[in-house]
Structures are given as C-alpha cells and as structure tokens.
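One-letter residues, chain by chain:
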Amino acid sequence: MAESPMSNPSNRLAPYAAMDALRDDVRLLGDLVGQVVREQAGDHIFALVEEVRLAAIAVRDAESPDVESERALLQWAERQTTADLRSVTRAFSIYFHVINVAEQHHRVRRLNERERADVPLPESIAAAVARLREQGVSQERITALLPSLRVRPVFTAHPSEARRPTLLLHLERCATLLTDYDIYRENPRRRRAIEDDLRAVITLLWQTAETRTERPSVLDEAQSVVRVLAGTVYDVAPQVQRTLESATLMTSPSLPPEPAGSAFLEPGSWVGGDRDGHPFVTADVTRAAARLARTSVLRRYMEEAQAIGRDLSVSFRMIGASDALMASLERDRVELGVTPVAQWADEPYRRKCGLIAERLRRAAEDEPGGYPDADALLADIRLMRESLLDHCGQRLAGGRLWDFETRVRIFGFRLCELEVRQHSARFTAAVTELLQLANAQPYDTLDEAGRVVALEAALTAAPIALPAAALSAETRQTLAAFDAIRAIQERHGEAASRTVIISMCRAPSDVLAVLLLARESGLFDWSGSAGDLDAPAHARIDIVPLFEEIGELRQSAHILEALLRIPVYRAALRARGWRQQIMIGYSDSNKGAGYLAAAWATFGAQEALARAAAAHGLALELFHGRGGAVGRGGGPMGRAILARPPHASYPTLKVTEQGEVIFARYSHAAIAERHFEQIVHALLRSALEPPEGEPPAEWVETMERLAARSRDVYHQQIKENAAFLRFFREATPFPELASLNLASRPVSRQGRGGADEPPPNLADLRAIPWSFSWTQTRANLPGWFGIGSALREEIASGGLERLRAMYVGWRFFATTMDNAQRSLGVADMPTFHRYATLATDGAPQTAMVDEEYQRAVSAVLAITQQQALLERSSVLARSIRLRNPYVDALHLAQIALLRRYRAAPSGEVEAPERARLLDAIHDSINGVAAGLQETG
Ligand code: PGA
C-alpha cells in the first residue's frame, strides 16, 4: 500500500501511546486519502501535497524566523496553477474532514472506556449529585430542583457551518465505518471490506463539490435542523431524563416509576422563524417550517409505536390487562373503523400500538380519527403503562414505553418551539405606519417617553384593524409574522410558537411596539384602563428583548424596570405567569466594543437583571445568544454556566446552538448525550452549591477599568479606524466569503458586503462574517483584541497580584482569561502576516495587531502564571501543533488564490477564470475551517 505523505509515521502524531487507536485511525485515513488523491488527481498532485507539507514543517521547526524560507513558501504557492492549488486544497481539506471524524470517534471510544471504570464520569449528572451530597446538600433539595431544571437549546441556521449537508452525510458514513473497523480490526476479510468502503467514501468526498452553487433555501435549512432534532436529540433525550431522575430521585435506572413531573429538555428552533435581516423568511415559510417539524416528529412516533407493538407480545390469556385498556381497544376500533388483526386478538398491547400508529398517521395526514394533540396520545400511552403496572409488567412499562412517553412530553406534536425574531427597526417602522394611518400620529419622531405614551394609548383603545390593502408591503409582512404565530398555535398548540425576539432592542417602547402588533393579530388583549389597572389580560406570546450592544446591556435592568412600571405591560406579564425572558447577545456586543468590554457587559447585565427581577418577584429567564467562537460568546459550556453571576445562577439554560456547533455536539448520539449531561451537571452545581460569593469591590472596579480601557483601544484602533476597516477587507477573505453559499441569509443586514463593494461599515456588518474572516487569517482578534493594552496598564500600575487573585478566586474572570487564551493560542501571527501581504499599505495595521497580540500574550501568561499559552490545555495545544503544518498549506493556497483573483480583470472574457478562482478560494475557506474545526 502506497504510503501517503499524510500518514507519514514521522509526522509527529507518534508520541501518544495512550492514543494508539486514534493514531492508527489517523494513519489509516491519511493513507486512504493519499491513495484516493493519487487515483483521482495523479502523482503530480500527490507530490505537491508532500512538498508543501514538508516545507511548512521546515519553516515551523526553524529555530528563528527565516525570511528566505518564508519567502520560498509564499513563492511556491504563487508558482502553482490555479487548478493545482485547488487540488492541493481539496486534498488537505478532505484529510481534515476525515481526521475530524476520527477524533470524534475517538472521543466516543474514550467515553466508553471511562465509563467502564464504574465511577461517575467527571462532569456527569451522577458526578454532580455525588459532589453535592458530599458538600452536605440534602437529597430533598436536589429532588426539589428537578421540576425547574431545564435545558433549552435553540437551533439556528446561522451561517457558521461550512460543510454542506451532503458532505456531513458522507462524514457520518465515515464515522459508522470507523465504528465497524473497531469491531473487525482483527478480521482481515471484514477489515479489507471496510477499507474499501472508506476509499469509496473518500472518493465521494473528492468528487463532491465542497461548496454549493446556490444558497440553500430556508426550508432546506429547516430540514437539516429537523433531522438533528428528530434524530439524535430525539434518540438520546429519554436516556438523559432517566439518568437525571435516577440520580436525583434515587430510583433504579432500569426501573423508573412513571416519568417525573417535567422533562429536562425543551428544544427550540429559529429556522424559518428568524427574519432579522433575512428577507426570505416569510409568513408562509414560518408556517411551512412548523409543519415540517410536526410531520417529522409524528413520523418518529409512528415508527416508535410500531416498534413497541412488535415488542409487547404480552398475552391476555397469560396475564390479563386492564379493563380500561380493553375498553379503549373497542372504542378505537369503532371510531377508526378498522378491522382488528386476527393474530393479535390475544395481544392487547400490540393491538393498542397498532391503533396508536394509525391515529398518528391520521394526525399527520389531517384525516378524521387522528389525535387532536399530544395529550391524547399521552393518555393512550398511560393506559398501556397502567395496565402493565397492574399486571406484573413493571419492567416492560419502564423500558421503551417509558422512553416513548418521555419523548411525547418533550417534543409534543411540534418537535420544537419555532421562535420568531425580527429587528426592532422593522417593528418600529410597522408601528409608525399604523399609528400614522390610524390617527396621523408621527410616532417615529417622538422621544422615548412620547412613544411609550402613544403605545399605551393605542393598546388601551380598540384595535387599529386597518385593511391589509391600506398598508405597505413591509408592514403587511411584519404583521404577517404574528398571524403566522397565531395560525401555528391554532394548528399545533401554543407551545409550538409563542416567543417573539426583538433584536437590537434599545428601549421599553421597542417591547410595547411588539405588544401592539401582537394585539393587532389577536395574540394580546387587555380591557384595562387607568381606572382598572388590575384587569386581566389575555396574552399568547412572550416578548423577548435581545440586548446586544454595550450601552443597552448596561441599561438592560433599567429598561426592564421601566417596562415593569407600564400597566399594560404588567398586565401582559401577569397573563404570562409573571415571567420575563431576556436575551443577551454575545457577538454584537463584542463586535461593537471588543472582547473584554463585551464579556463584562454581558456578565453585568445578567447580574443587574437578576436583581431587578428578584426585587419584583418576577421569574426571569436569560437566553444566551452564543456562537461557537470565543469572539461570539463560545468556549466550554459547562464553565460558562458555572461562571454566571451568583444571582443569575438559575437551574435553566436557554442558549442558541448554531452552525458547526450543531454537528459537533449532536451528530453522534453518545456525544449528544454527554453534552446534555455536562450542561445538567453544571446547572445542578451552579444552582445548589454554595455560591461563589460577591467579588470584592476592588475587583469590580478593576474590571470596570479594564473594560473601559479595552473598549477605548478597540474603538480607536478598530471600530473607528477607517484604515483598519479597509485593511480588514483587503487582508482577509471577507469579500469572497460573501459569495460563499453557506446559508440562506445575506451577510449584512442591508444586503451589502459583496466582492465589489466599499469597505463595510462595522455596525451594518453581521458579527459572523466579521469573526469568520478573522479566524481564517488566524488573527482571531474578536477573541482577544483590547485585553493586551488594558491588562498591561493594570499590571504597570502594580495590579498584577490583584489580577492573579481575581484569576484564582473569580470564575467569571478566570473563564474570561482562559477563553481569551484559547483565541490567542489558536491565533498564529506568522500566518496573519502572510495574509497582511494582501493589503496595500497594511504595515501599520499589521504592526498594531502584532503589538496588541504580544501585549495580550504576555499579560495572560503573567496572570495565569504559565510559561506558554495553553500549558494546562494539553489536548488543544497538541491538536494545534499537529494540525498547523497542514493548515499552513491551505492558508498558503488561499493567499495565492486571493491575490490572483483580486488582480484578475473582471471583464466578461475573464469570467470563467474568475469563477474558477472563486471556487478554489471557497474550497480553501472550507478547508481552513475544517483544519481549525471552526468557522469563527
Ligand atoms: P445574529 O447572530 O447576527 O444573527 O444576531 C450573531 C451571532 O450569532 O454571532
């Protein structure tokens, strides 16, 4: 077998004795990729791959930066034809795609191994309970928490997954084959067959275009999310619930009683509902997405009922069954007009399952006799459970039937809640038009107090109810979203869609504006008045302000307080159980003010909101809008939960799950289960462990200073620096990213950002392409910029010991530093310098980033007391080190391609060549994302 350069045993993957299996997989896959590349692209490309890999290693291994070899490397890439660069790029990206699968597979293997030890796995639910018990927390307190413990992942279609679903499908197949390989490693015949299958998958990867020719539609994206929710999430949810109940209720895991009061999971989705900056999300799309979700979960229930029916061959003659169950069989038969299966005459559970499946089919197809809702299905499942329990069938009731019931409780007939989001400006525009038409009131020119007065008056008067024809298309569209919610609620129940999120929420009037629009659609109604403030309201939605700019985050508690003084809003909240959800935006705050200021503002907002809510007895739920990258609020989830302010350490976590994070966390059942366990572990601990204690005032003051200083540096050097924004456009693949058809949503809110357009305005640019572009160049600056200057000044004025104490004694600060450390550790200044050569006059900007980077690194090392970054994160450090030379090749190809593309004339004649170059650039972007396992 030809040895692949990609699996060369000297390739520094060797020293990991404990990781033999992973090393073997990597070697095997490297070999196979090499063979396929040779078959498909020939010896020439195979040789080029080897050449650039070795050259990159040599440059990385050099003692000191060697200008000559550096130049040679760049020139190497410049010399290659576009076709060859593309082939080399594809070879490396396919290598990374499959290696990523091997690493994921290894994680599953390690989980299995660690579980064999029969002690609670670190960060598991059992470990949390054991720890709490050791700390003296009573079993009763743990049990009492169960009803309020809730994990609410909200799946979004944010454009941060570079891999097409088709590619993900091939990679899932690759994972299955690796699992088989573990079983048949010692069986030469089976092993060879699996290797052949792997070659076929890799050939498919080679021959499948990495990028789409068209943007996906919103419904394509809805399909992808539904596939995960009705796939692994559906599969693993009962197991996590079982683990949770057995650990907290102290029951036997194999014999759970009837499911406890509430389920731990409440999934949501924005796909088809999030219309912020997304013109293609219409009311029809929203309704279609909800239908799709419903159909897919009903289909799974049908399969499950049939499978349970096949299992439950319990004979009436042997053990009997309850009268209620027997009566229900007859009732169903008559109602559905079906003929009983003769062979099942004696098997009531089989018959019941068959009837359940039939009612589910009819529900899915809207035929008479279908279940009207999930409660009716639950009632049938319970009939079976009770009958089994009364007839020596506890073990049978506690198995698949229990899982089924748990799933129905979690997913209902909706699968997930479809949430709606829109920009505050769109709501304001709609309200302005309505009030203008209704009573000639110039709403948008009013100040905040005037707006609130106008909205209160409108909300206590009769609905405006203008005919649709009188309204502009935009306003009709905004109102149609509320009509869609109403229609979904009528069709699938209120829980299927009841949340409206206001992005860029700035004031109480933004919230009242939504209440008014909801009222126009019949989702809100209040007959109160100045004389009757306590009149009950009728409200069918929760309005969720999203605070995502630094100023608004700092003002968020005041905005909440102000809202709570408005009678009509109080009435709305009372109608919703005196509960308020508030969303915290991590990315836009970062884009607007830099890493440290955003971290501090998001933390402070949680603290202040929690205090304000507590003072009013209001049940607050915080919704965290986090992305995968540190610069967008990413980082280890468990630590983030434990680092919440003590007042905001609720036993619930509502959080966005976006893009590549979805595949990483939910593509494999064992990993999805582990992910949920880690979250629940952290929630149990943060809710029940003694809180960390208030940070001393001087720590808070220090953070205030650091945040302010870092924000000033960020504003001055980046946000308000036109030269820097030009540099951003030239030195990163940002313009080319805009045409990468990752997702259905345009890259900027105003639809700008294309290759031939002026430098972006940072406020208009969405956070994802901003962060994505910096990740590609390895500058990663959204994850650290500004901390260097701020910390250095603090250290220079004698604050080092205090900063060290903060790092040791304050989870928030430790997490903030460690997350920045991750970004700094993955950043790579030599690579960034190569990208900087793409910019004209980029030297001052490059030097500025460089200096700030050096300041950040030395300050972080001083505070964390390490010699090198990531010293205590050996797995990550090792992974970066091993991957670097391979990613180098991708960066080099990308830089050469960008230079060529941007220099190529854009006249008609050149169009095919430009298209080829752009394709190759897009491939390189995907390759770098695969190599770094992060888009940004
Ligand atoms: P948004 O998300 O632009 O949709 O608000 C930003 C992000 O998740 O980074």
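See the structure printed just above.
The rules we used
- Residues numbered from 1 in each chain as written.
- Predicted model: local features only at pLDDT ≥ 70, side-chain atom pairs only at ≥ 80, totals over all residues.
- Heavy atoms only, no water.
- Helix = DSSP H or I, 4+ residues; strand = E, 2+ residues; numbered from the N terminus.
- Rg over C-alpha atoms; globule rule 2.2 N^0.38 Å.
- Buried < 20%, exposed > 50% of the residue type's maximum accessible area, 1.4 Å probe, protein only.
- Areas by Shrake-Rupley, 256 points an atom, 1.4 Å probe, with all protein chains shown as cover.
- Lys, Arg positive; Asp, Glu negative; His and termini not counted.
- Charge placed at Lys NZ, Arg CZ, Asp CG, Glu CD.
- Pairing = 2+ DSSP bridges.
- Contact = heavy atoms within 4.5 Å.
- Axes fitted to C-alpha atoms, helices over the stretch in contact; angles between N-to-C directions.
- Near = heavy atom within 4 Å.
- Polar contact = N/O pair within 3.5 Å; in protein donor to acceptor, adjacent residues only side chain to side chain.
- Nonpolar A, V, L, I, M, F, W, Y, C, P; charged D, E, K, R; others polar.
- Phe/Tyr/Trp six-rings, centres within 6.5 Å; stacked < 30°, edge-to-face > 60°.
- Lys NZ or Arg CZ within 6 Å of the ring centre and 35° of its normal.
- Expected span 1.5 Å × (residues − 1).
- Bend = angle between axes of the 7 residues up to and from the residue.
- Parallel < 35°, antiparallel > 145°, perpendicular 65-115°, else oblique.
- Salt bridge = Lys/Arg side-chain N within 4 Å of Asp/Glu carboxyl O.
- Core = buried A, V, L, I, M, F, W, Y, C linked by side-chain atoms within 4.5 Å.

Draft legend 1. Main features of the overall build of the chain. Looking only at helices and strands, the chain features 38 helices and 11 strands. Taking 30 Å as the expected radius of gyration for a compact globule of 936 residues, we find that the chain reaches 29 Å, a close match to that expectation. Counting only C-alpha atoms, the chain reaches 85 × 75 × 65 Å along its principal axes. Within the chain, the fraction of its 936 residues that count as buried is 61%. Accessible surface computed for the chain: about 35700 Å², of which carbon and sulfur atoms make up 52%. One finds the centroid of the 109 positive side-chain charges in the chain at a distance of 2 Å from the centroid of its 120 negative side-chain charges.

Draft legend 2. How the structure looks around the sheet that holds strand β10 (residues 619-625). Taken in spatial order, the 9 strands make up an open sheet running β3-β2-β1-β11-β10-β9-β8-β5-β4, and their pairing is parallel. Of all strands in the sheet, those bounded by a partner on one side alone are β3 (417-418) and β4 (420-423). Here 2 bridges tie strand β1 (residues 150-156) to strand β2 (residues 268-269), and the two strands are oriented parallel to one another. Note that in β2 the partner of valine 154 across the bridge is glycine 268. Packed on one face of the sheet, helix α23 (residues 586-593) meets β9 (579-585) and β10 and runs near 45° to β9.

Draft legend 3. Geometry of the site of the ligand. In the neighbourhood of the ligand, the contacting residues comprise His158, Arg421, Glu548, Ser587, Asp588, Arg632, Gln658, Arg745, Arg766, Ala767 and Ile768. One nitrogen or oxygen atom from the side chain of arginine 421 is found 2.7 Å from an oxygen atom belonging to the ligand. For the ligand, an oxygen atom lies 2.5 Å from a polar atom in the side chain of serine 587. Protein chains bury 95% of the 280 Å² of accessible surface belonging to the ligand in isolation. Elements represented by at least two residues in the shell around the ligand include exactly α23 and α31 (767-776). Of the residues assigned to the shell around the ligand, the class counts are 2 nonpolar, 3 polar and 6 charged.

Draft legend 4. Fine view of the packing of aromatic side chains. Counting across every chain of the model gives 30 aromatic pairs. Taking 5.9 Å as the distance between ring centres and 75° as the angle between the ring planes, the aromatic pair formed by tryptophan 270 and phenylalanine 623 counts as edge-to-face. Here tryptophan 270 is found in the loop between β2 and α10 (283-311), whereas its partner phenylalanine 623 is found in strand β10, with 353 residues between them in sequence. Residue classification places phenylalanine 623 among the buried positions, given a relative accessible area of 0%. Note on tryptophan 699 and tryptophan 810: the rings are 6.0 Å apart at their centroids and 25° apart in plane angle, and the pair reads as stacked. Linking tryptophan 699 in helix α28 (residues 697-719) with tryptophan 810 in the loop between α33 (800-809) and α34 (811-826), this pair joins segments that are 111 residues apart in sequence. A residue is classified by how much of its surface remains accessible, and tryptophan 699, at 13% relative accessible area, is buried. A network of ring pairs unites the aromatic residues Phe724, Phe727, Phe728, Phe734, Trp770, Trp774 and Phe832 as a single cluster. If you follow arginine 190 out to its NZ or CZ, it ends over the ring of tyrosine 184, 4.0 Å from the centre. Directly above the ring of phenylalanine 623 sits lysine 654, whose terminal nitrogen or CZ lies 4.2 Å from the centroid.

Draft legend 5. Focus on the environment of alanine 458. The topology assignment puts alanine 458 in helix α18 (residues 448-460). Residue alanine 458 is classed as buried on the basis of its relative accessible area, which comes to 10%. In this structure the C-alpha to C-alpha distance between alanine 458 and glycine 798, which are 340 residues apart in sequence, comes to 58 Å. If we skip the residues at most four places from it in the chain, alanine 458 touches Leu435, Leu516 and Arg519.

Draft legend 6. Region of interest: helix α21 (residues 550-564). The first and last C-alpha atoms of α21 sit 22 Å apart over 15 residues, in line with the 21 Å expected at 1.5 Å per residue. Of all the bends in α21, the largest measures some 55° and sits at serine 556. Of all the positions in α21, only Ile550, Glu552, Leu553, Ser556, Ala557, Ile559, Leu560, Ala562, Leu563 and Leu564 are classed as buried. The secondary structure elements touched by the buried residues of α21 are α20 (508-520), β8 (542-547), α22 (567-575), β9, α23 and α24 (595-615).

Draft legend 7. Quick peek at the packing of helix α13 (residues 348-364) against helix α14 (residues 374-390). Orientation of α13 relative to α14, taken along the N-to-C sense of each, is 175°, at an axis distance of 11 Å. With respect to α14, the element α13 is oriented roughly antiparallel. Between α13 and α14, the contacting residues are Tyr349, Lys352, Cys353, Ile356, Arg359 and Leu360 on the first element and Leu377, Asp380, Leu383, Met384, Ser387 and Leu388 on the second. Its residues placed into classes, the contact of α13 with α14 shows 8 nonpolar, 1 polar and 3 charged.

Draft legend 8. Region of interest: the pattern of salt bridges. With the rule as written, the count across this model stands at 75 salt bridges. The residue glutamate 698 makes a salt bridge to arginine 802 at a minimum N-O spacing of 4.0 Å. Remark: arginine 802 occurs in helix α33 and glutamate 698 occurs in helix α28; sequence separation between them is 104 residues. We classify arginine 802 as partly exposed; its relative accessible area is 23%. One continuous salt-bridge network, built from bridges that share partners, spans Arg150, Arg152, Glu266, Glu417, Arg498 and Glu621.

Draft legend 9. Region of interest: the side chain of aspartate 403. Along the chain, the position of aspartate 403 falls in helix α16 (residues 400-411). Judged by its relative accessible area of 18%, aspartate 403 is buried. In this structure, aspartate 403 is in contact with Pro238, Arg242 and Glu304, ignoring residues within four places of it in sequence.

Draft legend 10. Just the nonpolar core, in detail. Grouped together as the largest cluster of nonpolar side chains are 127 residues, with contacts concentrated most on Phe524, Tyr569, Trp770, Leu781, Trp784, Ile787 and Phe813. The biggest single contributor to this core is α24, with 13 residues. Not counting the four nearest positions on each side in its chain, isoleucine 787 is found in contact with Tyr595, Leu596, Ser710, Arg792, Ala820, Leu824, Glu852, Ala856 and Val860. In this structure, Val226, Phe264, Met302 and Val680 belong to the second largest nonpolar core, which totals 82 residues.

Draft legend 11. Focus on the pairing of β4. Neither face of β4 is open: one carries Val420 and Gln422, the other Arg421 and His423, and all of them are buried. Across 4 bridges, the pairing between β4 and strand β5 (residues 499-503) is parallel. Paired with glutamine 422 across the bridge in β5 is isoleucine 502.

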